[in-house]
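Read off the chains here:
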Amino acid sequence: MDEQKHEGGPASEGSGGEIPLAAEPAPDQVDGGGGAEAGNYFLCPFCGRFEQVYGPTINKLIADGRVAVDYTMVSILGRGDVKSYSVRAGAAAYCVADADTAAFQRFHAALFTHQPDEQAASFPSDDDLVAQAEKAGAPDSVADCITRGKYRAMVNSAVKTSGISSTPTVLLNGTDIGDALLSHPDPQALLDQLKSVSG
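Residues numbered from 1 in each chain as written. Predicted model: local features only at pLDDT ≥ 70, side-chain atom pairs only at ≥ 80, totals over all residues. Heavy atoms only, no water.

**Thoughts on the overall build of the chain**
Part 1 of the argument: Along its length, the chain carries nine helices and seven strands.
Part 2 of the argument: Accessible area for the chain stands at about 9,300 Å²; split by element, carbon and sulfur atoms hold 48% of it. (Helix = DSSP H or I, 4+ residues; strand = E, 2+ residues; numbered from the N terminus. Areas by Shrake-Rupley, 256 points an atom, 1.4 Å probe, with all protein chains shown as cover.)

**Topic: the pattern of salt bridges**
Part 1 of the argument: Under the counting rule described, the total for this entry stands at five salt bridges.
Part 2 of the argument: In this structure, Asp126 and Arg88 form a salt bridge, with 2.9 Å as the shortest nitrogen-oxygen distance. Of this pair, Asp126 sits in helix α4 (residues 126-135) while Arg88 sits in helix α2 (residues 85-99), and the two are 38 residues apart along the sequence.
Part 3 of the argument: With a relative accessible area of 19%, Asp126 lands in the buried category.
Part 4 of the argument: For Asp98, the salt bridge is made with Lys150, and the minimal N-O distance between the two is 3.9 Å. One end of the pair, Asp98, is in helix α2; the other, Lys150, is in the loop between α5 (142-148) and α6 (152-156), and 52 residues separate them in sequence.
Part 5 of the argument: Among the residues examined, Lys150 registers a relative accessible area of 46% and is labelled partly exposed.
Part 6 of the argument: Salt bridges linked by common partners bring Arg88, Asp126 and Arg152 together as one network. (Salt bridge = Lys/Arg side-chain N within 4 Å of Asp/Glu carboxyl O. Buried < 20%, exposed > 50% of the residue type's maximum accessible area, 1.4 Å probe, protein only.)

**Let's talk about the nonpolar core**
Part 1 of the argument: Tyr71, Phe104 and Phe107 are the most contacted members of the largest nonpolar core, which has 55 residues in total.
Part 2 of the argument: Take this core: its biggest share by element is nine residues, from α2. (Core = buried A, V, L, I, M, F, W, Y, C linked by side-chain atoms within 4.5 Å.)

**Structural notes on unusual backbone geometry**
In most cases, non-glycine residues show a negative phi, while peptide bonds are predominantly trans.
Part 1 of the argument: Notably, Asn173 is not glycine yet its phi reads approximately 50°, a positive angle.
Part 2 of the argument: Relative to the helices and strands, Asn173 resides in the loop between β6 (169-172) and β7 (175-176).

**Observations regarding the environment of Tyr151**
Part 1 of the argument: Residue position: Tyr151 is located in the loop between α5 and α6.
Part 2 of the argument: Distance from Tyr151 to Gly17, taken between C-alpha atoms, is 9.6 Å for residues 134 residues apart in sequence.
Part 3 of the argument: Polar contacts involving the side chain of Tyr151 include one to the side chain of Asp98, which spans 2.2 Å. (Polar contact = N/O pair within 3.5 Å; in protein donor to acceptor, adjacent residues only side chain to side chain.)

**Details of the packing of α2 against helix α3 (residues 101-113)**
Part 1 of the argument: With their axes 7 Å apart at the nearest point, α2 and α3 run at an angle of 155° to one another. Of the possible angle classes, the one that applies to α2 and α3 is roughly antiparallel. Between α2 and α3, the residues in contact are Tyr85, Ala89, Ala92, Ala93, Val96 and Ala97 and Thr101, Ala103, Phe104, Phe107 and Leu111, respectively.
Part 2 of the argument: In the contact of α2 with α3, the residues fall into 10 nonpolar, one polar and no charged. (Axes fitted to C-alpha atoms, helices over the stretch in contact; angles between N-to-C directions. Parallel < 35°, antiparallel > 145°, perpendicular 65-115°, else oblique. Contact = heavy atoms within 4.5 Å. Nonpolar A, V, L, I, M, F, W, Y, C, P; charged D, E, K, R; others polar.)

**Structural notes on the pairing of β6**
Part 1 of the argument: Direction of pairing for β6 relative to β7: antiparallel, over a ladder of two bridges. Paired with Leu171 across the two strands is Asp176, which belongs to β7.
Part 2 of the argument: In textbook terms, the turn of a hairpin is the stretch between consecutive antiparallel strands, and for β6 and β7 this stretch comprises two residues, one of which, Asn173, has a positive phi near 50°. (Pairing = 2+ DSSP bridges.)

If you want it as structure tokens, here you go:
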């Protein structure tokens, strides 16, 4: 499959704007474990394809304690406009993660499942994002965070403040495996990369 990647960079706040997902035991306590970083944005069609192919496998690896993943939400086409969909959706993801990381995983998957086209005439509203968050199991409190745009400035400035140069960006123990996974879209490819990097 011929894949391309969108150019951009990651969000940064506090320790770097990451959404850390891990299970017990920690990955360094499990044979074949590792630490991963993923940077994406919700209008990127290649991020959507990546999520479709690898999302379930990544979530299982997290649940099994084999990998810990730090997600960073970025905006590329919408940067510079805090009201753009990619900024609002990325910010909403941080709101959901603040409340419940399991809900974040479901929200993250749902936004890619229902991903609008980059050139769509209209995009989901804040109310739509709130409804999707609540459907994913986030508490009612996320509504205020999403509609106030608590994390919009952070997501909007992500390209400028970070080192991610394209999306999806996937680092496993510091090694960039994104291109390899995109060029051979198969969940087994991720498991092979995890084995080769972890030793």
